[in-house]
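Residue-level structure breakdown
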Amino acid sequence: MPIDATQPYDDGNIFARILRGELPSTTVYDDEHALAFHDITAQAPVHILVIPKGRYVSWDDFSARATTEEIAGFVRAVGRVARDLGLVAPGYRLLANVGSHGGQEVPHLHVHLFGGRSLGPMLAR
Ligand code: AMP
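Residues numbered from 1 in each chain as written. Predicted model: local features only at pLDDT ≥ 70, side-chain atom pairs only at ≥ 80, totals over all residues. Heavy atoms only, no water.

When its secondary structure is counted, the protein chain shows 4 helices and 5 strands. The order of helices and strands in the protein chain, counted from the N terminus, is α-β-β-β-α-α-β-α-β. Over its C-alpha trace the protein chain gives a radius of gyration of 14 Å, about what one expects of a compact globule, namely 14 Å for 125 residues. Here the protein chain, with 125 residues, has 41% of them falling under the buried criterion. Here the contacts in the protein chain between residues at least 6 apart in sequence split such that 58% fall between residues at least 24 apart. Counting only carbon and sulfur atoms, one obtains 55% of the accessible surface of the protein chain, whose full area is about 7,400 Å². The positive charge centre, built from 11 side chains, and the negative charge centre, built from 14, are 7 Å apart in the protein chain. (Helix = DSSP H or I, 4+ residues; strand = E, 2+ residues; numbered from the N terminus. Rg over C-alpha atoms; globule rule 2.2 N^0.38 Å. Buried < 20%, exposed > 50% of the residue type's maximum accessible area, 1.4 Å probe, protein only. Contact = heavy atoms within 4.5 Å. Areas by Shrake-Rupley, 256 points an atom, 1.4 Å probe, with all protein chains shown as cover. Lys, Arg positive; Asp, Glu negative; His and termini not counted. Charge placed at Lys NZ, Arg CZ, Asp CG, Glu CD.)

Given below as structure tokens:
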């Protein structure tokens, strides 16, 4: 069920629970600002989620409230994960769903990182 991106942060959301170690994840990267793990329902040969460590509902919330250090750390982590996975030369796709029209279901900012094959058109028509 898509969320309302203007809702307050919910500490019970799935990714908050993963960050607290209450739920497992298949971690591929972890640092001060970001955690990256495999999406549980992969939609490409490589489908990773990168999330900030802070309590941010969406890209909107993060871009408005996060510190410059948090933003830099998160953006660098996304790029680092893609490089570490060898995705730069063949190419990859980033996606951040925001709110209802974006189809966002988990109310903690996450960037999808897709790769491993040619990904075709940007949106289904
Ligand atoms: P979105 O629609 O952008 O909010 O995407 C949420 C993503 O989270 C979906 O691709 C789900 O497959 C993924 N997901 C949900 N629960 C988990 C989980 N426990 N571990 C990894 N990925 C998850």
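What follows deals with the site of the ligand. In the region of the ligand, 16 residues are neighbours, and D39, N97, E105, H110 and H112 sit closest. In this structure, D39 approaches the ligand through a side-chain N or O atom, which is 2.5 Å from an oxygen atom. I40 is positioned with one of its backbone polar atoms (N or O) 3.1 Å from a nitrogen atom of the ligand. Protein contacts shield 84% of the accessible area of the ligand, which totals 510 Å² for the unbound molecule. (Near = heavy atom within 4 Å. Polar contact = N/O pair within 3.5 Å; in protein donor to acceptor, adjacent residues only side chain to side chain.)

Here the focus is the nonpolar core. Core analysis: the biggest nonpolar cluster contains 18 residues, and A36, I48, V50, F62, F74, V81 and L113 have the highest contact counts within it. Among the elements of the structure, strand 2 (34-38), strand 3 (46-52), helix 3 (68-84) and strand 5 (111-115) are those that each provide at least two residues to this core. Sequence-distant contacts of F62, defined by excluding residues within four places in its chain, comprise P52, Y56, E70, I71, F74 and L109. With 7 residues, the next largest nonpolar core counts F37, L49, I51 and V106 among its residues. (Core = buried A, V, L, I, M, F, W, Y, C linked by side-chain atoms within 4.5 Å.)

Take the pattern of salt bridges next. As enumerated under the stated definition, the model contains 6 salt bridges in all. With a shortest N-O distance of 2.9 Å, R55 and D11 are connected by a salt bridge. On the criterion of sequence distance, the pair formed by R55 in the loop between strand 3 and helix 2 (59-65) and D11 in the segment before helix 1 (14-19) is long-range, its members being 44 residues apart. Among the residues examined, R55 registers a relative accessible area of 44% and is labelled partly exposed. A salt bridge links R17 to E22; the nearest nitrogen and oxygen atoms lie 3.4 Å apart. (Salt bridge = Lys/Arg side-chain N within 4 Å of Asp/Glu carboxyl O.)

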